[in-house]
Amino acid sequence: MAKVIAIVTQKGGVGKTTSAVNLASVFGELGHRTLLVDIDPQGNATSGVGLDKRQKLSTYDLLCSHENPGAADIRTAFAGLSVIPSAPALAGAEIEMVDMPRRENRLKAALAAYRDRYDYILIDCPPALGLLTLNALVAADTFLIPAQTEYYALEGLSQLIATVRQVKRLYNPGLELEGVMFTMYDGRTNLTQQVVAEVKKFFPRKVYGTVIPRSVRLAEAPGFGRPINYYDKGCKGAKAYHALAEEILSRQ
């Protein structure tokens, strides 16, 4: 039975999708059957593994189809990694879902058919706390937060945790924090040290020791449709995601 991890933050540009793609890829490389589910209408996780967003089936079909859409997972060219892609139609999914019964449960129900076939299911959420992200949090066993070391990250964490408390109370009492990871990390600044200290105070024992540095190679890899461990395995970004994946797995 797969463990479902939602990678979630309402702030854009913090490395959420980069983390989803690269952690999923390293999980697969380490021998774990991994499914990456792209519910971000931008579809960057889909293109980040070299897939076209115009597939026959997508997460839009899982969320909005009134019939069983069939198997939507696609094997990628990378070891152990499959993807359920996003699609342009997902941009209007929240409006279509408004009047659906148990609309917050659509993704959980759809992923039930995949849980026996994978070890890990990672969900790349949109950078917003709307109905798509709500579906991910209801479907997930745990959630993983990518955070930048800046003041606004602290504000965003507070809002996210308030949302998670509501989700736990109303829909998914078993939902737990998987951990907090720092992205685009620059340890030379005082602000970085202050933010890290505050986050550790807020989430004791939940902040990963591995941090993801700023890296040109990490920024380049999506343009070639390859996770960083297949684009440049020797770069510091690839080594960081490999170490982070091992740290996450070691806590299971």
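Before going into details, it helps to say that this report is about the structure given with it. (Residues numbered from 1 in each chain as written. Predicted model: local features only at pLDDT ≥ 70, side-chain atom pairs only at ≥ 80, totals over all residues. Heavy atoms only, no water.)

1. Describing the nonpolar core
A general trend in soluble globular proteins is that nonpolar side chains are found buried together.
Phase 1 of the analysis: Leu111, Tyr114, Ile121, Ile123 and Phe143 are the most contacted members of the largest nonpolar core, which has 51 residues in total.
Phase 2 of the analysis: Element by element, the count of residues in this core is highest for helix α6 (residues 131-139), at 7 residues.
Phase 3 of the analysis: Each residue touching Leu111, except ones within four places of it in the same chain, is listed here: Val37, Ile84, Ile121, Ile123 and Ala139. (Core = buried A, V, L, I, M, F, W, Y, C linked by side-chain atoms within 4.5 Å. Buried < 20%, exposed > 50% of the residue type's maximum accessible area, 1.4 Å probe, protein only. Helix = DSSP H or I, 4+ residues; strand = E, 2+ residues; numbered from the N terminus. Contact = heavy atoms within 4.5 Å.)

2. Considering helix α7 (residues 151-170)
Phase 1 of the analysis: Helix length check: α7 (20 residues) gives 30 Å between terminal C-alpha atoms against 28 Å at 1.5 Å per residue, within 8%.
Phase 2 of the analysis: Among all positions of α7, only Ala153, Gly156, Leu157, Leu160, Ile161, Val164 and Val167 are buried. Across the axial projection of α7, the buried residues extend over an arc of 140°, all falling on one side. Facing away from the buried side of α7 by more than 90 degrees, the exposed set consists of Tyr151, Arg165 and Arg169.
Phase 3 of the analysis: Its buried side turned inward, α7 meets α6, β6 (142-148) and α8 (190-202). (Expected span 1.5 Å × (residues − 1). Arc of directions from axis to C-beta.)

3. Quick look at empty space enclosed by the protein
Any empty space left between atoms is shown by rolling a water-sized probe over those atoms.
Phase 1 of the analysis: Applying the stated criterion to the full structure yields 1 cavity of 30 Å³ or more.
Phase 2 of the analysis: Looking at the largest cavity, its volume works out to about 90 Å³.
Phase 3 of the analysis: If you go around the largest cavity, you meet 13 residues; those closest to its centre are Thr9, Lys11, Pro146, Ala147 and Ala153.
Phase 4 of the analysis: Elements with a minimum of two residues in the lining of the largest cavity: β6 and α7.
Phase 5 of the analysis: The leading source of residues in the lining of the largest cavity is α7, at 5 residues.
Phase 6 of the analysis: Across the lining of the largest cavity, the residue classes tally to 8 nonpolar, 4 polar and 1 charged. (1 Å grid on protein atoms, 1.4 Å probe; cavity = no way out; pocket = protein on both sides within 12 Å on 5 of 7 lines; lining within 4 Å. Points joined across faces, edges and corners; volume = space filled by probe spheres on them. Nonpolar A, V, L, I, M, F, W, Y, C, P; charged D, E, K, R; others polar.)

4. Things to note about the pattern of salt bridges
Side chains that carry opposite charge are capable of pairing whenever their charged atoms lie near each other.
Phase 1 of the analysis: Inspection of the entire model under this criterion finds 15 salt bridges.
Phase 2 of the analysis: With a shortest N-O distance of 3.1 Å, Arg54 and Asp52 are connected by a salt bridge.
Phase 3 of the analysis: A relative accessible area of 36% places Asp52 in the partly exposed class.
Phase 4 of the analysis: Among the salt bridges present, the one from Glu220 reaches Arg217, with a minimum N-O distance of 2.7 Å. Of this pair, Glu220 and Arg217 both sit in helix α9 (residues 216-220), 3 residues apart, which is roughly one turn of that helix.
Phase 5 of the analysis: The class for Arg217 is partly exposed, based on a relative accessible area of 31%.
Phase 6 of the analysis: A cluster of three or more residues bridged by salt bridges with shared partners is formed by Lys16, Asp40 and Asp124. (Salt bridge = Lys/Arg side-chain N within 4 Å of Asp/Glu carboxyl O.)

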